[in-house]
Amino acid sequence: MSDKTYPPSDAFAADALIDAAKYEEMYAASITDPDAFWGEQGKRVDWIKPYSTVKDVNFDLGNVAINWYADGTLNVAANCIDRHLAERGDQTAIIWEPDDPKDDAQHITYQELHAQTCRMANVLKGLGVTKGDRVVLYMPMIPEAAYAMLACARIGAIHSIVFAGFSPDALGARINGSNAKVLITADEAPRGGRKTALKSNADAALLHCDDRVQCLVVKRTGGQTTWTERDHDCTALMAAASTDCAPEEMNAEDPLFILYTSGSTGQPKGVVHSSGGYLVYASMTHELVFDYKPGDVFWCTADVGWVTGHSYIIYGPLANGATTLMFEGVPTYPDASRFWQVCEKHKVNQFYTAPTAIRALMGQGNEFVEKSDLSDLKVLGTVGEPINPEAWNWYNDVVGKGTRPIVDTWWQTETGGHMMTPLPGATAAKPGSCTKPFFGVHPVILEPTTGEEITDTVAEGVLCIKDSWPGQMRTVYGDHERFEKTYFSDYKGYYFTGDGCRRDADGYYWITGRVDDVINVSGHRMGTAEVESALVAHAQVAEAAVVGYPHNVKGQGIYAYVTLMNGVEPSEELRKELEKWVRTEIGPIAKPDLIQWAPGLPKTRSGKIMRRILRKIAEDDFGALGDTSTLAEPAVVDDLIENRMNKG
Ligand code: 6R9
């Protein structure tokens, strides 16, 4: 890793919301007196009833409780829309760029956003949705997804978005998991010139759900869909609905949304975020990390199905009265210049994407970037996985012309917003490092086995956070015990991130990747256990072990070792069949990149699969298998290595 630093230019720093001196001063204050610091920051939100307490937190196993601004009341949608109407009712809130560049973009003003959100809220009310009910969204990247999120927030319903790339089975499990009253979907989702049949996926999912679950269908393409008794035409209902809907008064700690994410064990868990603390944190990080100023056009390329889309397409930007761009398409359609053409067309000022997209576009050559006018760009950002210095340098040189600060933002679904990141006018970047903690965030590096905090500046170990911040998740939906066990039991008194981390002599942090059985494929989290249980659900599979391995574009690829049932012969057909199987069970993002037939898996004498060895074999690192003395049958490993080598 290179230790070359890239400080912000004097001109940028002079104009920035936060410069180096201000960062130091504010950071110290945020750690010394969190109550005073967050008490002040809480004012960036409009409260119906102001809070009298700020932080009330307990990280002790058995009693974990996280409360911020607990006696305050507010409405998140009113904060994202209504309070801006007087000053910027005619300003564009959302720029919508469709999949096909030949179709017209939409500019939705705050006034229009208000009307559409109220219409959608009234449609939900008409279906009997009230405060505290759960609504699942399975949507393309269209303005109605934003209306639906904000409509839920307006009436106090809790939304749970399922990424449109997930399969009907995964969708059904999430509808049932949260006991949702309504599913909102669309007929079809156009992406990269192809259409996903969302409604028919929804139909398949709903076969396994209670008959009382209602389905609202937004018309996106007008593609033919079948209608059942539970379906309602959302577009028609919205057109007929009133544009008035009073916002519900919510407690700061009332849940705003649930978002499922993968962990090291079991099925994905429903991360629950609050209303008040989450909004304060999303708004503050959006403004300061991107140096967002009124009038700027902000573009986060994520999908609203992921936390990045929640915090940095919808809640953070809209709480700040920003113009936020919502893109339906993909970086390479119609060709690899699409991102840059959209930047030029809409005069984008802050651009926020994932390393996997940068690597994919870097591989297409510079001409795709160079033919667009990128002179409006001010700040570039990345999120989702560590960025390799080669990709960082390309982003910096070719996209940023060497003059735009890059913010490499480390955070998680669980954290609600950025946790460690450069501030563009304050921090000298180092390619590959997420640099320094955001205000109020106290990272610590622990020795993995003893759990001792390493206090030397130079350190390497597991990353924990010492104290709470307002954007922290509050619980796992319906399973507080799992919440405590996952995040507070391995290292007592700390929030455990699941990431490994190194701190260098300058106090800069470098994320080294997950230390648990979670792999990061194109910036998407995938539990190896989930893919394994999908594989073993196939009648011809006896056993499966899944690990990550280095992949040029995706960061990590999915490597599956599969043991077949007695008498079943491996074949190309079966390989294809299993790939398809996993796509159906979970979704296309979980499809194994490589399947290796494994007559046996390396296990300890107590029957535990030794994944460490499987990881090394997948990485082609046969010389460093480590301690193999506990293997029950050493010959199994030789066999796997031989097979791996034969594949070249
Ligand atoms: C926001 C988001 C979280 C995991 C996290 C870490 C990895 C995210 C990163 C990064 C290095 C960064 N990660 N950002 N690693 N540098 N800038 O991605 O949430 O989907 O929950 O993933 O992603 O391993 O623990 P989520």
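About the criteria used
Residues numbered from 1 in each chain as written. Predicted model: local features only at pLDDT ≥ 70, side-chain atom pairs only at ≥ 80, totals over all residues. Heavy atoms only, no water. UniProt positions renumbered as here; feature names shortened; annotations may be inferred. Helix = DSSP H or I, 4+ residues; strand = E, 2+ residues; numbered from the N terminus. Phe/Tyr/Trp six-rings, centres within 6.5 Å; stacked < 30°, edge-to-face > 60°. Buried < 20%, exposed > 50% of the residue type's maximum accessible area, 1.4 Å probe, protein only. Contact = heavy atoms within 4.5 Å. Near = heavy atom within 4 Å. Polar contact = N/O pair within 3.5 Å; in protein donor to acceptor, adjacent residues only side chain to side chain. Areas by Shrake-Rupley, 256 points an atom, 1.4 Å probe, with all protein chains shown as cover. Nonpolar A, V, L, I, M, F, W, Y, C, P; charged D, E, K, R; others polar. Pairing = 2+ DSSP bridges. pLDDT = per-residue confidence, 0-100. Core = buried A, V, L, I, M, F, W, Y, C linked by side-chain atoms within 4.5 Å. Axes fitted to C-alpha atoms, helices over the stretch in contact; angles between N-to-C directions. Parallel < 35°, antiparallel > 145°, perpendicular 65-115°, else oblique. Left-handed = near helix turned anticlockwise from the far one by under 90°.

**Looking at the UniProt feature "domain: AMP-dependent synthetase/ligase" (unreviewed entry) in the protein**
UniProt records the feature "domain: AMP-dependent synthetase/ligase" (unreviewed entry) at residues 82-468, using the numbering of this structure. As a span, residues 82-468 carries 31% helix and 22% strand, and end to end its C-alpha atoms are 30 Å apart.

**Regarding the packing of aromatic side chains**
Under the counting rule described, the total for this entry stands at 40 aromatic pairs. With a centroid separation of 6.3 Å and an interplanar angle of 5 degrees, the aromatic rings of F257 and Y315 are classed as stacked. Taken together, the residues F257 in strand β14 (residues 255-261) and Y315 in helix α11 (residues 307-319) connect sequence positions 58 residues apart. Both residues of the pair, F257 and Y315, count as buried. When the ring of F327 is compared with that of F339, the centres are 6.3 Å apart and the planes differ by 70 degrees; the resulting orientation is edge-to-face. Here the residue F327 occupies a position in strand β17 (residues 323-327), and F339 occupies one in helix α12 (residues 338-345), the gap between them amounting to 12 residues. Of the residues examined, F339 reaches a relative accessible area of 3% and is grouped as buried.

**Some thoughts on the UniProt feature "modified residue: N6-acetyllysine" (unreviewed entry) in the protein**
Sites flagged by UniProt as "modified residue: N6-acetyllysine" (unreviewed entry) map to K608. Relative to the helices and strands, K608 is located in the loop between β30 (594-597) and α19 (611-618). A relative accessible area of 59% means that K608 is categorised as exposed. When residues no more than four places from it in sequence are discounted, the contact partners of K608 are P602 and K603.

**Brief notes about the site of the ligand**
Around the ligand sit 17 residues in total, of which D408, T409, T413, D499 and R525 are the nearest. At 3.4 Å, a backbone N or O of E385 approaches a nitrogen atom of the ligand. Q412 places a polar side-chain atom, nitrogen or oxygen, 2.9 Å from an oxygen atom of the ligand. Within the complex, the protein chains bury 95% of what would otherwise be the 540 Å² of accessible surface of the ligand. Those elements that provide at least two residues to the shell around the ligand are α11, β20 (406-409) and β25 (509-514). A breakdown of the residues in the shell around the ligand according to their chemical character gives six nonpolar, six polar and five charged.

**Examining the pairing of strand β22 (residues 459-465)**
Across the seven residues of β22, six count as buried, placing the element largely inside the fold. Examined bridge by bridge, strand β21 (residues 443-446) and β22 share four bridges and lie antiparallel to one another. When the bridges of β22 are listed, V444 appears paired with C464. As defined by bridge partners, β22 adjoins strand β24 (residues 495-503) across six bridges and the pair is classed as antiparallel. Looking across to β24, one finds that I465 is bridged to Y495.

**Describing the side chain of T415**
Assignment of secondary structure puts T415 in the loop between β20 and β21. Taking relative accessible area as the criterion, T415 reaches 0% and is therefore assigned buried. Residues in contact with T415, not counting those within four places in the same chain, are H273, Y281, W469, G471, Q472 and Y495.

**Observations concerning the confidence of the model for the protein**
A low pLDDT score tells you not to read the predicted coordinates there in detail. Of all residues in the protein, 99% attain a pLDDT of 70 or more, and the chain-wide mean is 95. The ipTM assigned to the predicted complex is 1.00, against a pTM of 0.93.

**Focus on the nonpolar core**
If you look at the biggest cluster of nonpolar residues, it comprises 160 residues, and the most contacted ones within it are L113, L124, I184, Y315 and F439. The greatest single-element share of this core, amounting to 10 residues, is contributed by helix α6 (residues 143-155). When neighbours within four sequence positions are excluded, Y315 is seen to be in contact with V76, C80, M149, L150, A153, H159, L256, F257, Y278, L279 and H310. In terms of nonpolar packing, the next biggest core, distinct from the first, is built from 30 residues, A336, V348, L377 and I406 among them.

**Side note on the packing of helix α7 (residues 168-177) against helix α8 (residues 198-206)**
Axis separation between α7 and α8 bottoms out at 8 Å; the angle between their running directions is 55 degrees. In terms of their interaxial angle, α7 and α8 are classed as oblique. Relative to α8, the crossing made by α7 is right-handed. Between α7 and α8, the residues in contact are P168, L171, G172 and I175 and N201, A202, A204, A205 and L206, respectively. When grouped by side-chain class, the residues that make up the contact of α7 with α8 number seven nonpolar, two polar and no charged.

**Topic: the pairing of strand β1 (residues 55-58)**
With four bridges connecting them, β1 and strand β2 (residues 65-68) associate as antiparallel partners. By the bridge assignment, V57 is partnered in β2 with I66.

**Some words on helix α13 (residues 355-362)**
Burial of α13 is extensive: seven of the eight residues sit out of reach of the surface. Regarding α13, the residues found buried are P355, T356, A357, I358, R359, L361 and M362. On its buried side, α13 packs onto α12, β18 (350-353), β19 (379-383), α15 (389-399) and β29 (555-564).

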